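Now for the letters of each chain:
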Amino acid sequence: MNRDAATTERLRSLVSKIESLTESGDLHWERQAGSAHRYARWNNNLLILGPATPLSDTSVPRYLFITPFDSPDCIEINSDDSDLGADVMKLVQQVEQTSQSEPATDPFAITEQMLERLEGM
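Because the structure is a prediction, the values reported are computed rather than measured.

Quick look at the overall build of the chain
Here is step 1 of the chain: Helix and strand counts for the chain stand at 3 helices and 6 strands.
Here is step 2 of the chain: Moving toward the C terminus, one meets the helices and strands of the chain in the order α-β-β-β-β-β-α-β-α.
Here is step 3 of the chain: Seen through its principal axes, the chain has C-alpha atoms that stretch 50 × 30 × 25 Å.
Here is step 4 of the chain: Burial status across the chain gives 30% buried among its 121 residues.
Here is step 5 of the chain: Long-range pairs, those at least 24 residues apart, make up 44% of the contacts in the chain with a sequence separation of at least 6.
Here is step 6 of the chain: Carbon and sulfur atoms make up 50% of the accessible area of the chain, which amounts to about 7800 Å² in all.
Here is step 7 of the chain: Considering the chain, the positive charge centre built from 10 side chains and the negative charge centre built from 20 side chains are found 3 Å apart.

Listed below in structure tokens is the structure:
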């Protein structure tokens, strides 16, 4: 991917911040039931990290996908990126370490709170 050095450094800083928040427990990653991804919600953004194949399988590229909840814009950085790939892999390892014992969740499950919110619209 062609990008200028300043953009690369801003992205590196963003990935580093996400990793730091993950390590401190301030960013909680979940594993979606029936999916090969981890996801988190942060600052009105959806973060998706995947796929959740074993870390020992180094042939599978990993990616970090970030999209705001209120916009179709997105950022994707993958482990094949020559500038940021190592940062993505470091994040993958951190997320795997902190969320490996988390039970799978269904973010699309219909909840009482969701129904009440929709009925109140």
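Back to the text.
Some remarks on helix 2 (residues 85–99)
Here is step 1 of the chain: The end-to-end C-alpha separation of helix 2 is 21 Å, in line with the 21 Å expected for 15 residues at 1.5 Å each.
Here is step 2 of the chain: Taken together, the buried positions of helix 2 are occupied by G85, D87, V88, L91, V92, Q94, V95 and S99.
Here is step 3 of the chain: Of the surrounding elements, those touching the buried residues of helix 2 are helix 1 (5–24), strand 2 (38–42), strand 3 (45–50), strand 4 (63–68) and strand 5 (75–78).

Here we look at the packing of helix 1 against helix 2
Here is step 1 of the chain: In contact at an axis separation of 10 Å, helix 1 and helix 2 are set at 15° when each is read in the N-to-C sense. In terms of orientation, helix 1 and helix 2 fall into the roughly parallel class. Relative to helix 2, helix 1 is oriented so that their crossing is left-handed. In this structure, helix 1 uses R12, V15, I18, E19, T22 and E23 to contact helix 2, whose residues at the interface are D87, V88, K90, L91, Q94, V95 and T98.
Here is step 2 of the chain: For the contact of helix 1 with helix 2, the per-class residue count stands at 5 nonpolar, 3 polar and 5 charged.

Section: the nonpolar core
Here is step 1 of the chain: With 18 residues, the main nonpolar core has I18, L27, W29, L47, L49, L64 and L91 as its most contacted residues.
Here is step 2 of the chain: Elements with a contribution of two residues or more to this core: helix 1, strand 2, strand 3, strand 4 and helix 2.
Here is step 3 of the chain: Contacts of L27, omitting those with residues within four sequence positions, involve I18, L21, T22, A40, R41, W42 and L47.

Quick notes on the environment of H28
Here is step 1 of the chain: Here H28 is to be found in the loop between helix 1 and strand 1 (30–32).
Here is step 2 of the chain: Once the C-alpha coordinates of H28 and V95 are considered, the two residues, 67 residues apart in sequence, prove to be 8.9 Å apart.
Here is step 3 of the chain: Discounting residues that sit within four places of it in the chain, H28 has contacts with Y39, A40 and E102.

Criteria and cut-off values
Per chain, the residues get numbers from 1 upward, laid out in the order the sequence is written. Per-residue local features are limited, in this predicted model, to residues with pLDDT of at least 70; the limit for side-chain atom pairs, both in listing and counting, is 80 or more; totals at the level of whole chains, interfaces and linings are taken over all residues. Derived side-chain values reflect all non-hydrogen atoms in the structure, with water molecules and hydrogen atoms excluded from consideration. Secondary structure elements follow DSSP: runs of H or I no shorter than four residues count as helices, runs of E no shorter than two count as strands, and numbering proceeds from the N terminus. Only protein chains enter the accessibility calculation, which uses a 1.4 Å probe; a residue whose area is less than 20% of its type maximum is buried, one above 50% is exposed, and one in between is partly exposed. Whether two residues are in contact is decided by their heavy atoms: any pair within 4.5 Å suffices. Computed with a 1.4 Å probe, the accessible areas rest on the Shrake-Rupley method; for each residue, only the protein chains presented here act as cover. Residues counted as positive are Lys and Arg, residues counted as negative are Asp and Glu, and His and the chain ends are not counted. Each charge is placed at NZ for Lys, CZ for Arg, CG for Asp and CD for Glu. Here, expected helix span is obtained from the residue count minus one, scaled by 1.5 Å. Only the stretch in contact is used when a helix axis is fitted, and all axes are lines through C-alpha atoms; the angle between N-to-C directions ranges over 0 to 180 degrees. For classification purposes, an angle smaller than 35 degrees is called roughly parallel, one larger than 145 roughly antiparallel, one from 65 to 115 roughly perpendicular, and anything else oblique. The sense of a crossing depends on the near helix, which, turned anticlockwise from the far helix by less than a right angle, makes the crossing left-handed and, turned clockwise, makes it right-handed. Ten residues, namely Ala, Val, Leu, Ile, Met, Phe, Trp, Tyr, Cys and Pro, are considered nonpolar, four, namely Asp, Glu, Lys and Arg, are considered charged, and the remaining ones, Gly among them, are considered polar. To form a nonpolar core, buried Ala, Val, Leu, Ile, Met, Phe, Trp, Tyr and Cys residues must be joined to one another through side-chain atoms within 4.5 Å.

Just geometry here; none of it tells us what the structure is for.
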